[in-house]
Amino acid sequence: MLNVAGEPPGDSWGIFAFLCAALCNLPAVPALNGTEELGAGQSIQKTYDLTRYLEHQLRTLAGTYLNYLGPPFNEPDFNPPRLARAEQVPSATVDLDLWRGLTDNARLAANYRAYSRLLCYLRGLDGQAGTAELRHRLGHFCSSLQGLVVSIAGVMSSLGYPLPAGPAGPPLPPGAPAAPNDFLKKMDDFWLLKELQTWLWRSAKDFNRLKKKVPPAVVTLRLEARGF
């Protein structure tokens, strides 16, 4: 007697039993594993998004802080020369062609060191601001900037790059003199904000280019042969 498919009933049960046995013993056959080979792409995208968020956040913070400093620092055309004291703040004024000629590792290391140092300076402002609202905004920005430092470290790790020895100490060496007057102290603050804006602008471009080179996470299927 044949079933509707034209096959003997016994053969159908035999095939069914074979499939059940194969499914039950699936670990014994070559395993199919999904592995994330390129987690760096997601890390780079996250860092890029955080950089753009900090750019937006700093525009508001800088305007508020410069108004707190008063004239001439809050005037749109105020563009003083960079003083010797300001050289302690990491400068982003590097020739763009020279910067782009660096390796990805070198650019990431420079970003990591710069933001670690800038964060030290910014935390100094956090404790000196004259209003509670401004201190709150500075504290929030410091937390976000700390997140960027950690995120850059994550990108470097995912790409297999070692972390550089970042500046963990205070912005100024022990015993270094403070600004001799209030105007020069405000000038230091002005240059800190200016360099932060430039670094974030350039870092956004860096991570935008890097995410185009490293695609998002790719799930690959890999056969692990066992006994074959």
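Keep in mind it's a predicted model, so treat the numbers as computed, not measured.

I would appreciate a short explanation of the packing of aromatic side chains in the present structure.
In this description, a pair of aromatic rings is defined by centroid distance and the angle of the planes. Applying the stated rule across the entire model yields 8 aromatic pairs. Here the aromatic rings of Phe73 and Phe190 are separated by 6.2 Å at their centres, their planes lie at 50 degrees, and the arrangement is tilted. Placement of Phe73 in the loop between helix H2 (40-69) and helix H3 (96-100) and of Phe190 in helix H6 (residues 182-213) is noted, with a sequence separation of 117 residues between them. Residue Phe73 shares its accessibility class with Phe190, and that shared class is buried. On the basis of an interplanar angle of 70 degrees and a centroid distance of 5.2 Å, the ring pair of Phe78 and Phe190 is categorised as edge-to-face. In this pair, Phe78 sits in the loop between H2 and H3 while Phe190 sits in helix H6, placing the two residues 112 residues apart along the sequence. The pair formed by Phe78 and Phe190 is uniform in burial state, with each residue classed as buried. The structure contains a cluster of three or more aromatic residues connected by ring pairs, namely Phe73, Phe78, Phe183, Phe190 and Trp191. Over the ring of Trp99 we find Arg202, and its NZ or CZ is 3.7 Å from the ring centre.

What should I look at first to understand the environment of Arg137 in this one?
Within the secondary structure layout, Arg137 lies in helix H5 (residues 132-158). Through-space distance from the C-alpha of Arg137 to that of Thr64 is 9.4 Å; in sequence the pair is 73 residues apart. With residues near it in sequence (within four places) discarded, Arg137 still touches Thr60, Leu61 and Thr64. A distance of 2.8 Å separates the side chain of Arg137 from the side chain of Thr64, its partner in a polar contact.

Where do I start with the packing of H2 against H6 in this structure?
Think of two packed helices as two axes; the pair is described by the angle between the axes and how far apart they sit. The N-to-C vectors of H2 and H6 enclose an angle of 160 degrees; their axes lie 9 Å apart at closest approach. Our classification of the angle between H2 and H6 gives roughly antiparallel. The two elements H2 and H6 cross, and the hand of that crossing is left-handed. Among the residues making up the contact of H2 with H6, the classes are represented as 16 nonpolar, 6 polar and 5 charged.

Sorry if this is basic, but what is going on with unusual backbone geometry here?
Peptide bonds are trans in most cases, and residues, glycine excluded, mostly fall at negative phi. For the bond from Pro71 to Pro72, the omega torsion is 5 degrees, close enough to zero to count as cis. Within the secondary structure, Pro72 sits in the loop between H2 and H3.

Help me understand the environment of Leu66, please; the structure alone is not making it clear to me.
Position of Leu66 relative to the elements: it lies in helix H2. For the pair formed by Leu66 and Asp189, sequence separation is 123 residues and the distance between their alpha carbons is 8.8 Å. Residues within four places of Leu66 in sequence aside, it is in contact with Phe73, Asn74, Phe190 and Leu193.

Please explain the state of the cysteines as it appears in this structure.
Cysteine pairs can be linked by a disulfide, which is a covalent bond between their two sulfur atoms. Overall, the coordinates contain 0 disulfides when judged by the stated rule. Not engaged in a disulfide, the cysteine Cys120 finds its nearest cysteine sulfur in Cys142; these two sulfurs lie 10.0 Å apart.

I keep staring at the packing of H5 against H6 and nothing clicks. Help me out?
Here H5 crosses H6 at 35 degrees, and the two axes come no closer than 14 Å. Considering the relative orientation of H5 and H6, their crossing is left-handed. Within the contact between the two elements, H5 uses Phe141, Leu145, Leu148, Ile152 and Val155 and H6 uses Leu196, Leu200, Phe207 and Leu210. Per-class residue counts for the contact of H5 with H6 are 9 nonpolar, no polar and no charged.

Calculation criteria
Residues numbered from 1 in each chain as written. Predicted model: local features only at pLDDT ≥ 70, side-chain atom pairs only at ≥ 80, totals over all residues. Heavy atoms only, no water. Phe/Tyr/Trp six-rings, centres within 6.5 Å; stacked < 30°, edge-to-face > 60°. Helix = DSSP H or I, 4+ residues; strand = E, 2+ residues; numbered from the N terminus. Buried < 20%, exposed > 50% of the residue type's maximum accessible area, 1.4 Å probe, protein only. Lys NZ or Arg CZ within 6 Å of the ring centre and 35° of its normal. Contact = heavy atoms within 4.5 Å. Polar contact = N/O pair within 3.5 Å; in protein donor to acceptor, adjacent residues only side chain to side chain. Axes fitted to C-alpha atoms, helices over the stretch in contact; angles between N-to-C directions. Parallel < 35°, antiparallel > 145°, perpendicular 65-115°, else oblique. Left-handed = near helix turned anticlockwise from the far one by under 90°. Nonpolar A, V, L, I, M, F, W, Y, C, P; charged D, E, K, R; others polar. Disulfide = S-S within 2.5 Å.

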